[in-house]
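Here's the letter readout for the chains.
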Amino acid sequence: MPDHESFGLATRGLESIVVCTLSAAQASARRESVVSVLTSRDLASIVDLVVWVEVGTDDPSVAGMVAMAASHVGRVRLHQDGRHEVIEGLDPIASEDPMAFLPYDRECANPAPRSSRENSYPYAASRILSLFADPARSPDLAVVHAPRHFFPEQGGHLGEHGSLDVIQSRAPLLLSGKGVVARGIVDEHARLVDVCPTMATLAGVPAADLLDAAGDLLDGRVLTEYLGGERLPEPKVIGILWDGAHCGDLLHLAASGELPGLSRLIGDGVALRGGAVAQFPSVTLTNHTSILTGLGPGRHGVLGNVFYDRATGERVVPNKSAAWHRSAEWLRPAVRTVFEMVNSIVPHGDSPRTACLNEAVDRGADYSTMAMIRASGCSSGAAGLDDQLPDARASAHVHDMTHLDGSYFSWCSQVDDLGLAQMRRLWGSLESAPTLTWWANIVSDAGHHAGGPRSDIARDSLRDSDSRLMSFLEHLDELGITEQVTFLLTADHGFEASDPTITGSWRPALERLGIPFRDEGPGFIYLLPDLGRT
Ligand SMILES: [Zn+2]
């Protein structure tokens, strides 16, 4: 971990301003001041945890750093081997159980816990360490919003995600079809970084080739326990993402017979009741990148939906419609996408070997929605091509047309209908279909943001997504090839419902400290060098 304080602010054209860098001791003292303010009782309703990394005294395994977490109840040092060394008061991370709040009725009975002592934070140490492993983009501290924090004035919604906690980090994961063992729903979990090596393996990439561009092992592993049976010499794999689909509610609705497409996939495969644990923060672009590279944010470089790059002095906002087609610009050099892995072993023919639909992280894919946007030359990216999308009110897959009154839900419905049409065209026959197809759907994110999990609009967004899935499965049935295909379905994060009575911001308290800082997200706190006038 380099010394962040050695990075100066860009001073181009500001000759009269000098940057005063801080000594390590000064920087540490400032961080202490910030932690102290953020963990005050006054902010306890909106600040769940503050996390950062420090030089460890007895943990040389991760470049000498250890993960730290604090709240108003106490402070803990989290070691990679799972030990919790309580430094002060009570352990604010009382549990790391990835299966917490299961079976699902336990989550329904205790949604959005008010105290971190009643919550769970799976893989806390490794996820925190990864967030802080980028030399220029990692913040000095990260604030974990309390699950109930409602902050619409800063971009928050009724349904929210981003936390280190188990429910916002729990994405669904199921595997189905050719080469998958049929076990139904199992009381197990995985991690989203496992998706890339698992899909690559199903697509035929040898184990020895599951490496990043620097030749290092991935952060994820192949989920071999769910693979078995006959595999085809020319495998066909379809990865499906329902953005923000809530794991517990998804499986509940499937069990209730409301998601027939999903039920069909589960019947021919396996679904993990504990889902797949997202990387921290549990936000979209960070996890799409982890899913498709097998790396945590400290290695792939997409630290959040918004972050600050000290090396360039830039505020980077990769998660917006005008920037999705530029995602490759923010990937660190060690990244290899799953498309690049598969392309390295499949010979180039007339048909695309890899396809990537409605997904930002598309580098290397032979067929890609974002590549079409880049080729269009439209400077505003996907945002400038709305007039080419199908009419949402003519959609056969929208269960309640009143949801289209929301512009985000409506736009997502258009994009998802276009994605289905692309899928049907790409899959004209088994022979011409790509070896690996990645199909991202987004209306589930809109539904869950609008109403929170279990709301009518969230559940309808899952029903809409399932209707599109059923339509595609029926298309494969007509071709007689469904049983030749391997499916994986997941999401990028979970969701919890905020409480409109729990509002506020930690910004005024930080500003009173008089320490220069940036707060991106909000939640990523970058401590800045002093600017002094000459
Ligand atoms: Zn998302």
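Residues numbered from 1 in each chain as written. Predicted model: local features only at pLDDT ≥ 70, side-chain atom pairs only at ≥ 80, totals over all residues. Heavy atoms only, no water.

**Q** Lay out unusual backbone geometry in plain terms, naming residues and giving numbers.
**A** Of note, the bond from leucine 102 into proline 103 is cis; its omega dihedral lies within 30 degrees of zero at 0°. Mapped onto the fold, proline 103 is located in the loop between β5 (84-89) and α2 (104-109). The phi angle at alanine 112 is positive, at roughly 45°, despite the residue not being glycine. Within the fold, alanine 112 resides in the loop between α2 and α3 (124-131). Despite not being glycine, tyrosine 123 has its phi angle at roughly 50°, a positive value. With respect to the helices and strands, the residue tyrosine 123 is situated in the loop between α2 and α3. Under the relative-accessibility criterion, tyrosine 123 is labelled partly exposed at 29%. (Helix = DSSP H or I, 4+ residues; strand = E, 2+ residues; numbered from the N terminus. Buried < 20%, exposed > 50% of the residue type's maximum accessible area, 1.4 Å probe, protein only.)

**Q** Outline the coordination of the zinc ion, supporting the account with residue identities and numerical values.
**A** Donor atoms from the polypeptide that bind the zinc ion are Asp243 (OD), Thr284 (OG1), Asp492 (OD) and His493 (NE2), placed at 1.9 to 2.1 Å. One can describe the site at the zinc ion as irregular: its four donor atoms subtend angles covering 91 to 138° at the metal. Sequence spacing among the residues donating to the zinc ion works out to D-x40-T-x207-D-H. Here the residue threonine 284 occupies a position in helix α8 (residues 284-293), and aspartate 492 occupies one in the loop between β20 (486-490) and β21 (496-497), the gap between them amounting to 208 residues. Like aspartate 492, threonine 284 is buried. (Donors = N, O, S within 2.8 Å, 3.2 Å for Na, K, Ca; no water. Tetrahedral: all angles 85-135°; square planar, octahedral: opposite > 155°, others 65-115°.)

**Q** Summarise the pattern of salt bridges; cite the residues concerned and give the values.
**A** One pass over the full model with this rule turns up 30 salt bridges. Here aspartate 366 makes a salt bridge to arginine 353, at a shortest N to O gap of 3.1 Å. Of the two residues, aspartate 366 is situated in the loop between β17 (354-357) and β18 (367-368) and arginine 353 in the loop between α10 (338-343) and β17; the sequence distance between them amounts to 13 residues. Look at aspartate 366 and you get partly exposed, because its relative accessible area is 31%. (Salt bridge = Lys/Arg side-chain N within 4 Å of Asp/Glu carboxyl O.)

**Q** Could you give an account of the sheet that holds β5, naming the residues involved and the relevant values?
**A** Taken in spatial order, the seven strands of this open sheet run β5-β4-β3-β2-β6-β23-β22, and their pairing is antiparallel. The strands lining the two open edges of the sheet, one partner per strand, are β5 and β22 (517-520). For this sheet the average axis-to-axis angle between neighbouring strands, irrespective of direction, equals 20°. Pairing geometry for β22 and strand β23 (residues 524-527), over four bridges, is antiparallel. The residue of β23 that forms the bridge with phenylalanine 517 is leucine 527. Strand contacts of helix α1 (residues 24-38): β2 (47-55), β3 (65-71), β4 (74-78), β6 (141-145) and β23, with the helix running at about 165° to β2, the strand carrying the most contacts. The sheet contacts of α3 involve β2, β3, β4, β6 and β23, and relative to β3 the element is tilted by about 105°. (Pairing = 2+ DSSP bridges. Axes fitted to C-alpha atoms, helices over the stretch in contact; angles between N-to-C directions. Contact = heavy atoms within 4.5 Å.)

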